[in-house]
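Given next are the chains, with one letter for each unit.
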Amino acid sequence: MMDGPPPPFVASAHRVKLATEAWEVAGAAALRRQVFCVEQGLFDGDDRDAIDAQAIPIVALAELCGMPDAVVGTVRIHQPEPGLWIGSRLAVAEEHRRVGSLGASLIRLAVSTATARGCRCFQAHVQSRNALLFRRLRWTTLEEVELHGRPHHRMQADLSHYPPWPDGAQGFLTLTRRAA
């Protein structure tokens, strides 16, 4: 007999892909609002900015019986100048944060998609509490800065670790691995 409510459902597989459907784009925006506005209080009401007009959204979709069910992770990438790509707004739904592979999979597809599109340098501002994850994924801290009242690391990916992934719309499947 269990005490309390059952734990939330966590899919055994997730598809990480470019957001190509309207519901995926809407789900990514809703997840970003939840994480950056409601949970973290970094923005008032909405976190959308001018970058969204040119950014490529990437999503992690929970799969149920082999079908996409919900957006449970997101990140966006954009190219402000030829060869330079920036990743931002990495977010994972709270009930899926203990799935050890989601953040890393979103980062992998973000950098590999940019690499396939001619990226020569990929950077991101990473909240300091997440810098260790990025270092494990072969990123280097260039400087420490404060953004939105929080400490961040401006980091750069080692592109040799991220081969081009030309089919971002199809993406790839990642299996659930519970983090410790």
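Reading the values: the criteria
Residues numbered from 1 in each chain as written. Predicted model: local features only at pLDDT ≥ 70, side-chain atom pairs only at ≥ 80, totals over all residues. Heavy atoms only, no water. Buried < 20%, exposed > 50% of the residue type's maximum accessible area, 1.4 Å probe, protein only. Helix = DSSP H or I, 4+ residues; strand = E, 2+ residues; numbered from the N terminus. Pairing = 2+ DSSP bridges. Axes fitted to C-alpha atoms, helices over the stretch in contact; angles between N-to-C directions. Contact = heavy atoms within 4.5 Å. Core = buried A, V, L, I, M, F, W, Y, C linked by side-chain atoms within 4.5 Å. Expected span 1.5 Å × (residues − 1).

Some details on the pairing of strand β5 (residues 121-127)
Part 1 of the argument: For β5, a buried count of six out of seven residues is recorded, marking the element as mostly surrounded by other parts of the structure.
Part 2 of the argument: Bridge count between strand β4 (residues 84-92) and β5: four bridges; the pairing is parallel. Bridge pairing links L84 to C121 in β5.
Part 3 of the argument: Examined bridge by bridge, β5 and strand β7 (residues 150-157) share five bridges and lie antiparallel to one another. What sits directly across from A124, in β7, is M155.

Looking at the pairing of strand β2 (residues 56-64)
Part 1 of the argument: With seven of its nine residues buried, β2 lies for the most part within the structure.
Part 2 of the argument: Summarising the sheet, strand β1 (residues 13-18) and β2 pair through five bridges and their orientation is antiparallel. Pairing of V16 across the sheet is with A60, part of β2.
Part 3 of the argument: Alignment of β2 against strand β3 (residues 67-81), held across nine bridges, turns out to be antiparallel. Note that in β3 the partner of I56 across the bridge is I77.
Part 4 of the argument: The turn linking β2 back onto β3 is made up of two residues, and C65 within it adopts a positive phi angle of 55°.

Remarks on the sheet that holds strand β8 (residues 172-175)
Part 1 of the argument: Pairing is mixed across the open sheet formed by eight strands, whose spatial order is β6-β7-β5-β4-β3-β2-β1-β8. Every interior strand has two partners, whereas the edge strands, β6 (139-147) and β8, have only one. Strand-to-strand, the axes of this sheet are offset by a mean angle of 25°, without reference to chain direction.
Part 2 of the argument: Packing of helix α1 (residues 22-39) onto the sheet brings it into contact with β1, β2, β3, β4 and β5, and relative to β3 it is tilted by some 80°.

Examining the nonpolar core
Part 1 of the argument: Among the nonpolar cores identified, the biggest contains 44 residues, and I58, V111, F122 and W139 are the most heavily contacted of them.
Part 2 of the argument: Of the residues forming this core, the biggest block, seven residues, is contributed by helix α2 (residues 102-116).
Part 3 of the argument: When near neighbours in sequence (up to four residues on either side) are disregarded, W139 contacts I107, V111, F122, Q123, A124, F134, M155, Q156, A157 and Y162.

With respect to α2
Part 1 of the argument: Between its first and last C-alpha atoms α2 spans 21 Å; for 15 residues at 1.5 Å apiece the expected length is 21 Å, and the two agree.
Part 2 of the argument: Of all the 15 residues making up α2, 12 are buried; the element is thus mostly covered by neighbouring parts of the structure.
Part 3 of the argument: Every buried residue of α2 is listed here: L102, G103, S105, L106, I107, L109, A110, V111, S112, T113, A114 and T115.
Part 4 of the argument: Directly after α2, the chain includes G118, whose backbone phi takes a positive value near 95°.

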